[in-house]
Protein chains: 2
Amino acid sequence: MSTAENPRQLPEQPEMHPSRWGDPAVARPLPDSARGLVEMAFGIEESPAIEGALPPVGLAAELVAELRDILGADHVRTDDATRRLRTRGKSTPDLIRARTGDLADAPDVVVRPGGHDDVAAVLEWAVRHRVAVVPFGGGTSVTGGLVARREGYAGLISLDLVRLKRLIEVDPVSMTAVLEPGLRGPEAEALLGEHGLTLGHFPQSFEFATIGGFAATRSSGQSSAGYGRFDSLVVGLRVATPRGELRLGTAPATAAGPDLRQILLGSEGAFGVITAVTVRVRPRPEVKRYEGWRWPSFAAGADAMRTLAQANLLPTVIRLSDENETAINLARPEEIGGDSEGGSLMVVGFEGRPDQVEARRAAVCGLLGRLGGVPLGSEPGESWAAGRFDAPYLRDSMLDVGVLVETLETAAFWSQRDALYTAVRDSLATSLGEGAIVLCHISHVYETGCSLYFTVAAKAGAQPLEQWHAAKVAATGAIVATGGTITHHHAVGTDHQPWLAHEIGDLGVSILRAIKADLDPTGILNPGVLIPAGTQS
Amino acid sequence: MSTAENPRQLPEQPEMHPSRWGDPAVARPLPDSARGLVEMAFGIEESPAIEGALPPVGLAAELVAELRDILGADHVRTDDATRRLRTRGKSTPDLIRARTGDLADAPDVVVRPGGHDDVAAVLEWAVRHRVAVVPFGGGTSVTGGLVARREGYAGLISLDLVRLKRLIEVDPVSMTAVLEPGLRGPEAEALLGEHGLTLGHFPQSFEFATIGGFAATRSSGQSSAGYGRFDSLVVGLRVATPRGELRLGTAPATAAGPDLRQILLGSEGAFGVITAVTVRVRPRPEVKRYEGWRWPSFAAGADAMRTLAQANLLPTVIRLSDENETAINLARPEEIGGDSEGGSLMVVGFEGRPDQVEARRAAVCGLLGRLGGVPLGSEPGESWAAGRFDAPYLRDSMLDVGVLVETLETAAFWSQRDALYTAVRDSLATSLGEGAIVLCHISHVYETGCSLYFTVAAKAGAQPLEQWHAAKVAATGAIVATGGTITHHHAVGTDHQPWLAHEIGDLGVSILRAIKADLDPTGILNPGVLIPAGTQS
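Cut-offs used in this document
- Residues numbered from 1 in each chain as written.
- Chains lettered and ligands numbered in written order.
- Predicted model: local features only at pLDDT ≥ 70, side-chain atom pairs only at ≥ 80, totals over all residues.
- Heavy atoms only, no water.
- Helix = DSSP H or I, 4+ residues; strand = E, 2+ residues; numbered from the N terminus.
- Rg over C-alpha atoms; globule rule 2.2 N^0.38 Å.
- Buried < 20%, exposed > 50% of the residue type's maximum accessible area, 1.4 Å probe, protein only.
- Contact = heavy atoms within 4.5 Å.
- Areas by Shrake-Rupley, 256 points an atom, 1.4 Å probe, with all protein chains shown as cover.
- Lys, Arg positive; Asp, Glu negative; His and termini not counted.
- Charge placed at Lys NZ, Arg CZ, Asp CG, Glu CD.
- Salt bridge = Lys/Arg side-chain N within 4 Å of Asp/Glu carboxyl O.
- Pairing = 2+ DSSP bridges.
- Axes fitted to C-alpha atoms, helices over the stretch in contact; angles between N-to-C directions.
- Polar contact = N/O pair within 3.5 Å; in protein donor to acceptor, adjacent residues only side chain to side chain.
- Nonpolar A, V, L, I, M, F, W, Y, C, P; charged D, E, K, R; others polar.
- Least-squares fit on C-alpha atoms with pLDDT ≥ 70 in both.

Within chain A one finds 18 helices and 18 strands. By the compact-globule yardstick of 24 Å for 537 residues, chain A fits well, its C-alpha radius of gyration being 23 Å. Over its C-alpha atoms, taken along the principal directions, chain A stretches across nearly 65 × 60 × 45 Å. Relative to its 537 residues, chain A shows a buried fraction of 61%. Looking at chain A alone, contacts between residues at least 24 apart form 77% of all its contacts between residues at least 6 apart. Accessible surface computed for chain A: about 18400 Å², of which carbon and sulfur atoms make up 52%. Averaging the locations of the 49 positively and 65 negatively charged side chains of chain A gives two centres separated by 3 Å.

All names here are of chain A. Considering all chains together, one arrives at 56 salt bridges over all chains under this definition. The partner of Glu189 in a salt bridge is Arg284, with the nearest N and O atoms 3.3 Å apart. Remark: Arg284 occurs in the loop between strand E11 (282-283) and strand E12 (287-295) and Glu189 occurs in helix H6 (residues 185-193); sequence separation between them is 95 residues. When its relative accessible area of 7% is taken as the criterion, Glu189 is described as buried. Beyond isolated ion pairs, a larger network of salt bridges with shared partners links Arg20, Arg99 and Asp400.

Residue and element names in this part refer to chain A. One open sheet accounts for 5 strands, arranged E5-E6-E10-E8-E9; its pairing is antiparallel. The sheet terminates laterally at strand E5 (167-171) and strand E9 (244-248), the two strands that pair on one side only. The sheet shows a mean angle of 10° between the axes of neighbouring strands, taken without regard to direction. As judged from the 4 bridges shared by strand E6 (residues 176-179) and strand E10 (residues 273-280), these two strands associate in the antiparallel manner. Looking across to E10, one finds that Val178 is bridged to Thr278.

A few words now on the interface of chain A and chain B. One widely used convention gives an interface's size as the accessible area the parts lose upon coming together. At the interface, 76 residues of chain A touch 76 residues of chain B. The interface formed by chain A and chain B holds 4 salt bridges in total. With a shortest N-O distance of 2.7 Å, Glu447 of chain A and Arg282 of chain B are connected by a salt bridge. Our enumeration of links across chain A and chain B arrives at 36 residue pairs in polar contact (both at pLDDT 80 or more). Looking at the side of chain A that touches chain B, the elements that each hand over two or more residues are strand E8 (234-241), E9, helix H10 (261-264), helix H11 (298-310), strand E16 (403-413), strand E18 (449-459) and helix H18 (500-519) of chain A. Ranked by residue count, the leading element in the side of chain A that touches chain B is H18 of chain A, at 12 residues. When grouped by side-chain class, the residues that make up the side of chain A that touches chain B number 35 nonpolar, 27 polar and 14 charged.

Okay, the relation of the copies chain A and chain B next. When chain A is fitted to chain B, the best match, at an RMSD of 0.0 Å, comes from turning it 180° and sliding it 0.0 Å along the axis. On this basis, the relationship between the two copies can be described by a two-fold rotation axis. Most of the interface of chain A is mirrored in chain B, where 99% of its interface residues are also at the interface.

Quick look at the structure:
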């Protein structure tokens, strides 16, 4: 077991932008072909963002001074630029609000603790003064997870984990590593890479999202078929709560009562602040091989996925676009390749040692061929891999020209897949009206079911927030009516709260409130996030 | 999706016995060779059980009458035979108490609800009258999980789930099934077998233990490498609590907050009564192939297990005896075969379709050979499979001749395995003194670590309960000092409670109390089990 040195040099990270996914300088502009399509579908209406003014700092000066005593002046920020970047997350409604200059949800202060003890000290201070605390990792929430309630509090601070970036320990025998929560995806991979290891967690938010956020929201990455969901990668947690420290995870598996790690995973900052995560790690793959397969229909491709999953024969990456998404992708072949024969495009990827990749690929592709898939070669797979983190930048470009783009996702057991798909697709199309485009893909599969990820594009109306909200309500109504989960990998936040009781029952919500009351009796942690308003303080 | 018919005929089940594992008529007597070994090691001292008298029914007659109104007279039992069989579990201390005639922990009444609504009605009645309720499945707890506190209660009833034996539904597309909690292992397999399916959960208690108990205790079976621990097989739960019903599990995976299923799994009847479990199922294997491998040492075999697990190349069954256990097994070759060259015996088993078994076996055995294992052919594997559920019967036979036999188990990350093994083995040997035999095997492996299962045999002293208690305290002290879990698959019960706070911290215990207070505010459910005495009601 080796205690890793602090990294001498983490890879340089792109900057977030207050009203966009990332730095506009880094983003790819809308390609000409896409612009042509957009013009044809929706018309181009340039819709530049305006820079709004921040509300004044609402926290009393003497409290800010106390924070500076605790953390040092450099780690207690009240400047506009810092506060602006900690305002809300990155859902389309969040971006629309920012683009129209609405920064009403900005934190009063951004604090940057240097470690677990600093976090504990800030929580102790916040309890004493009844200040709301919003834990902040990558800021990539798309479900309102950073928009806490501030009524009844002396102020609201963003607890930015940006300084907690160590790889604390590597255990190469047990193949585990202890990571701090502020590490972004590429940073964690770089540190593990020095040991020949990978975490294998690559959600679309990979460039910005953090280890702590992955844990707090039950993230799932594009390689989940091979590496597992993030919650399945976590073997241990250290958490600072207003009632003290939790350290969980003594063994690979235990029967010592309920698994309390599973209470902190998905707790979205409402129960405590995760200050270290022990994860399973794997050898860094020597080979990555991605390829495309065509299926006559989305249903046929989904059945093939089910067959693979139930045969315990999954590749590292497997995803399937419905006919609409396939057609859109094929319409811009310079980005995501494929031929022009329609149907449904599947991307499969294999990672590992060359012999493992070859053996698994032979078994998987043999079965795909027998099931009626048509191999398209490596180009569609490599194209997908090259652009796998690009969609949020494309959304920025679409918002710039007056097109509302947003996503939502769900999951269900295989027997419900088709009913769920149809119901959600139709509800979105109906709500958004003529001309709206609704795309779907499956990107996470299990023995018992799969996820469904929808992307919509529509001409932004005069009230785009209300426009999207109506679509979201319609789609989520369809989800709960057809037996899907309200979210497979985007968490509850504030956006999904109206349907949480449908998912876990009123009694389930009551359990969450009881845990919250035990760990956070004054209710300072992310108030209003995760747990529906009710009896919680 | 098909709603399964009620089974016309479940396979006939062996009877439990009040002071033995199972029916003495079914048990194999101590083989001559074993008897010779025992005589040599400990001396034979015939130690027959005596039948004790039951305490009078302590529950007021009018309350018993109310129960009869709720469930019908036939399902409210106060006869001696029924109460005797619901007294405690099957740990060696439980058996010793029963063998010496101590039945002080007998329930006042045994009730047999017919379904979820009956269970809910009994709980409502118990809350009203403050009666302690002990949910009862197979009665195979080895950690005091059935010995609830009765002080402060109007009485104590055993809530026997023996009538909840339906396969409620099979979903062959999603490969899930909904099982009632009272189904014993063989019954569940028989019902699923009618659909060509298996659960694949085969703990040593398989013949008696039930679906509800597997869930409530986080059981792990001998085929966990292939099928998974029971908690990993559960996709949904229905639970009756004093505050109402919980239905959990909408999808294969979700990010809708904390995973509340993981609170009910391992809840040991303290939070609610599980009335239905939705599980993953798999095709019934066409082929089962078990074989033996010899390793120069326990450590070498354990390293090979680690290599397999981290290469994602596990067989369906994999277990490894340490040198002591291997020698004992080889000393009675008519039971568990092997040659006489010592070292450490590994059993590996492969189940599935013939092509799957052959492919997996080729890959696994190829690697085992390259790692230095010596193949011993099928005999040691088949012997193990034939006797896999026999050990508890052998324990009865040993107790009959004055030998104390008991087991305990733990798990740790691979890097701690050797230190944990040595510390626990030495602590048991030291505590039990000269002549004691301490055996160990690994029977559950993960990428990050493994279980360790210890069996001890020692001449029973004048005070065998104190003798074992001292050994258990010493061993558990060694476990927590070397980083193991206090239990990998036997739950907390009452026996492991003194160390629960070491496992999850005082704050973790506080969370359990908060959940208990929310779901069971009057504290009627299995009082004193799982959660250490303290502020819980």
